[in-house]
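A look at the structure
As a plain string of letters, each chain reads:
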Amino acid sequence: MTGQTTVGIIANPASARDVRRLVAQGGAVTTHDKLNRLHRVLTGLAATGVGRVISMSDRGGITAGLRRAANRRAGDAWPVVEFVEQSITHTAADTAVATRAMVELGVGAIVVLGGDGTNRVVARESSDVPLVSISTGTNNTFPTPMEPTIAGLAAGLVASNAASRAAGTYRAKTMEIRCGDRLENALVDVAITQAEVVGSGAVWDAASLSELFLCFAEPDAIGLSAIGGQLRPVRRRQPAGLHLRLGMPATTVLRPPIGPGLLAPVGVRSIGELGLHAPVTAEASEGVVAIDGERMFRFGRDDRPTITLRADGPVVVDATATLDHAARHGLLATTSTDARTGTRSRTLDPTTREPNTNQKGQHRDTNESTRALHRDGPHPAVRIAHLAGVPR
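Structure report, in brief. Please read all numbers here as calculations on a predicted model, not as lab measurements. (Residues numbered from 1 in each chain as written. Predicted model: local features only at pLDDT ≥ 70, side-chain atom pairs only at ≥ 80, totals over all residues. Heavy atoms only, no water.)

Let's talk about the environment of Val 288
With respect to the element layout, Val 288 can be found in strand E17 (residues 287–291). In sequence terms Val 288 and Phe 299 are 11 residues apart; their C-alpha atoms lie 6.2 Å from each other. (Helix = DSSP H or I, 4+ residues; strand = E, 2+ residues; numbered from the N terminus.)

Next up, the structure:
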């Protein structure tokens, strides 16, 4: 399309609105809050020279608010903001369609506002595009708390500079869940629960849990992974996970924070390492599978789920490592002349610059100006061809 660095934005308008607002003490993240965070992300992106942003479309107020803000800032240094033209279903399919469109359009990074569920959908469609995840959901174990301005800086650096991507990203773990013809993925946890129905989706009754599989378990986590984190912490980049058998009679009883403000007694019968690429079949003959804190589907004795820990999850941006690399190499520094004139020039070694190609290796036209994107009206929708496997 153009020679500008492009970054995608996925902001889930429905995140932080599930039943855990009632059964636990989860706080609300309003549309206004999300827009405020997006403004800060865009400011960070602009500071790294990102010229174009492609955002997911929605009818929950985020698209409308972001469009108004971008129009007001059209004369400033903000990137041009465009929106994926898509049919709105108010389901996870909206996130999947938008993510796949961004990959097809060659974005250099995707900033995600949402919880574990939103990030799971994005990760499934993001291919090798790096993700910068800002926690705005109820279960916020995969996305980490991060100032949005810093998220924008990190995303812009990784999207525009190959050396930043090499220094500041890593490949996350994931779990593959197979049950009959069904194939799912998890970024944090898979739980086997004896709940009667899928119901509202969220898991908050610890007494119903019989088995738990974890990609990682941090001692300061909220959610089901806190059970493992209180017993045997496993880091995000450690090449292993955890497998716990829960219930009574237990060898250990914990009171982990399985939700915001919700500490519940959990009996642990056994805990062991979950090795990479070693499938494990659930012990229960029937039950409900919960993925990343959400009940997803029932299974019976003839189709018990198999869980496999894999090392080929999404590419994740480590903001601290990215900005540390930028500081050490002067990527955000300006000369005194630049500071007086308001321009910015990076002290980059030319060998570290990203080649002038998009994600698909196509040549970019570096002569097209930012303003040219406004000629057909400010911040247009991005029209995309129908992508195979994506519902219209």
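Remarks on the side chain of Thr 169
Checked against the element boundaries, Thr 169 lands in strand E6 (residues 169–171). On the basis of relative accessibility, which here comes to 18%, the residue Thr 169 falls in the buried class. Within the structure, Thr 169 has its side chain in polar contact with the backbone oxygen of Arg 165 (distance 2.7 Å). Aside from chain neighbours lying at most four places away, what touches Thr 169 is Pro 130, Val 158, Val 315, Val 316 and Val 317. (Buried < 20%, exposed > 50% of the residue type's maximum accessible area, 1.4 Å probe, protein only. Polar contact = N/O pair within 3.5 Å; in protein donor to acceptor, adjacent residues only side chain to side chain. Contact = heavy atoms within 4.5 Å.)

Some words on the nonpolar core
One broad rule of soluble globular proteins: the nonpolar side chains tend to lie buried together. Met 102, Ile 110, Met 175 and Val 190 are the most contacted members of the largest nonpolar core, which has 40 residues in total. Secondary structure elements with two or more residues in this core: helix H4 (92–104), strand E4 (110–114), helix H5 (116–125), strand E7 (174–179), strand E9 (189–193), E17, strand E18 (294–299) and strand E19 (306–310). At 4 residues, the largest contribution of residues to this core is made by H4. In this structure, Ala 69, Val 111, Ala 155 and Ala 319 belong to the second largest nonpolar core, which totals 30 residues. (Core = buried A, V, L, I, M, F, W, Y, C linked by side-chain atoms within 4.5 Å.)

Some thoughts on the pairing of strand E1 (residues 6–11)
With 6 of 6 residues buried, E1 is to be regarded as a mostly interior element. Alternating positions in E1 separate into two faces, Thr 6, Gly 8 and Ile 10 on one and Val 7, Ile 9 and Ala 11 on the other, with burial throughout. As paired strands, E1 and strand E2 (residues 52–55) are joined by 4 bridges and run parallel to one another. Looking at the pairing, Thr 6 lines up with Arg 52 of E2. Bridge count for E1 against E4 is 4 bridges, and the pairing is parallel. Bridge pairing in E4 links Ala 11 to Leu 113. (Pairing = 2+ DSSP bridges.)

Quick look at the sheet that holds E17
Spatial strand order, E12-E15-E11-E10-E9-E17-E18: 7 strands in an open sheet with antiparallel pairing. Either end of the sheet is taken by a strand with one partner, and the two such strands are strand E12 (252–254) and E18. With strand direction ignored, the average angle separating the axes of adjacent strands in the sheet is 30°. Here E17 runs beside E18; their pairing, made up of 5 bridges, is antiparallel. Across the sheet, Val 288 pairs through a bridge with Arg 298, a residue of E18. (Axes fitted to C-alpha atoms, helices over the stretch in contact; angles between N-to-C directions.)

These figures come from the coordinates and say nothing about function on their own.
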